[in-house]
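# Observations on chain architecture
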Amino acid sequence: MNPALQAAISASAKHHKQLLDQLKDGNAFSRDTAIKQADLAGEQTALVPHYLKRGIIRSTPDGGIYLVRSAYEDHLSAQKTVGKWALLIVGLSSLIGILLLLANKL
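Anyway, here's the lowdown on the structure attached to this text.

What counts, and where the lines are drawn
- Residues numbered from 1 in each chain as written.
- Predicted model: local features only at pLDDT ≥ 70, side-chain atom pairs only at ≥ 80, totals over all residues.
- Heavy atoms only, no water.
- Patch = residues over 30% accessible without salt bridge, like charges linked within 9 Å, V, L, I, M, F, W, Y side chains within 5 Å.
- Areas by Shrake-Rupley, 256 points an atom, 1.4 Å probe, with all protein chains shown as cover.
- Salt bridge = Lys/Arg side-chain N within 4 Å of Asp/Glu carboxyl O.
- Helix = DSSP H or I, 4+ residues; strand = E, 2+ residues; numbered from the N terminus.
- Polar contact = N/O pair within 3.5 Å; in protein donor to acceptor, adjacent residues only side chain to side chain.
- Core = buried A, V, L, I, M, F, W, Y, C linked by side-chain atoms within 4.5 Å.
- Buried < 20%, exposed > 50% of the residue type's maximum accessible area, 1.4 Å probe, protein only.
- Contact = heavy atoms within 4.5 Å.
- Pairing = 2+ DSSP bridges.

## What about a nonpolar patch on the surface?
On the surface, Trp85, Leu88, Leu92, Leu95, Ile96, Ile98, Leu99, Leu100 and Leu102 cluster together into a nonpolar patch covering about 910 Å² of accessible area. With respect to the helices, strands and loops of the structure, Leu99 is situated in helix 3 (residues 69–105).

Encoded structure:
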């Protein structure tokens with residue numbers, strides 16, 4: 001994969017994680033504890049519509065945002081599942097490659 005593309009993907013994932021972590025660390029799980037969008041960095045503010053559409057965060061009338069605990073936990077579970085599948089695919093691909101190399105030597 002192109003190193004510049006990898007860096008861009010890594011930076012994007014970092015901003016996504018930072019937004020959700022900032023809300024979690026601020027204990028923003030209700031309207032009362034919502035964090036103002038104005039307090040977020042520019043990159044994080046751009047992610048708000050994405051998470052609103054997915055139902056992971058909600059907004060308040062005064063411009064705050066907070067995490068929906070159940071949706072956030074589902075999101076984390078899905079991320080772990082994706083990682084496990086990716087690891088499984090890489091592992092199986094490696095195993096198949098090794099078996100093909102051994103088969104060609106025999």
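Next comes the rest of the write-up.
## Regarding the side chain of Thr60
Relative to the helices and strands, Thr60 resides in the loop between strand 2 (57–59) and strand 3 (64–67). A polar atom in the side chain of Thr60 sits 2.4 Å from the side chain of Asp62. Within polar-contact distance, the side chain of Thr60 engages the backbone nitrogen of Gly64 at 2.8 Å.

## Brief notes about the nonpolar core
As a rule of thumb, soluble globular proteins bury nonpolar side chains together. In this structure, Leu23, Ile56, Ile57 and Leu67 are the most contacted members of the largest nonpolar core, which totals 18 residues. Among the secondary structure elements, those contributing two or more residues to this core are helix 1 (3–25), helix 2 (42–54), strand 3 and helix 3. Discounting chain neighbours no more than four positions away, the residues touching Leu23 are Ala28, Ile35, Ile57, Ile65 and Leu67.

## A closer look at the sheet that holds strand 2
Judged by pairing direction, the sheet is antiparallel, and its three strands sit side by side in the order 1-3-2 without closing on themselves. Two strands close off the open sheet at either side, each with one partner strand: strand 1 (35–36) and strand 2. Where strand 2 lies against strand 3, three bridges are found, and the strand directions are antiparallel. Residue Arg58 lies in a different strand from strand 3, and its bridge partner there is Tyr66.

## Notes on the pattern of salt bridges
Scanning the model with the defined rule gives two salt bridges in all. Close ionic contact of Asp62 with Lys36 constitutes a salt bridge, the shortest N to O distance being 2.6 Å. Note that Asp62 is positioned in the loop between strand 2 and strand 3 and Lys36 in strand 1, a separation of 26 residues in sequence.

## Some words on the environment of Arg58
Note on placement: Arg58 falls in strand 2. For Arg58 and Ala34, which are 24 residues apart along the polypeptide, the C-alpha to C-alpha distance reads 9.1 Å. Excluding its chain neighbours within four sequence positions, the residues that come into contact with Arg58 are Leu52, Gly64, Ile65, Tyr66 and Val68.

Read these as geometric descriptors, not functional statements.
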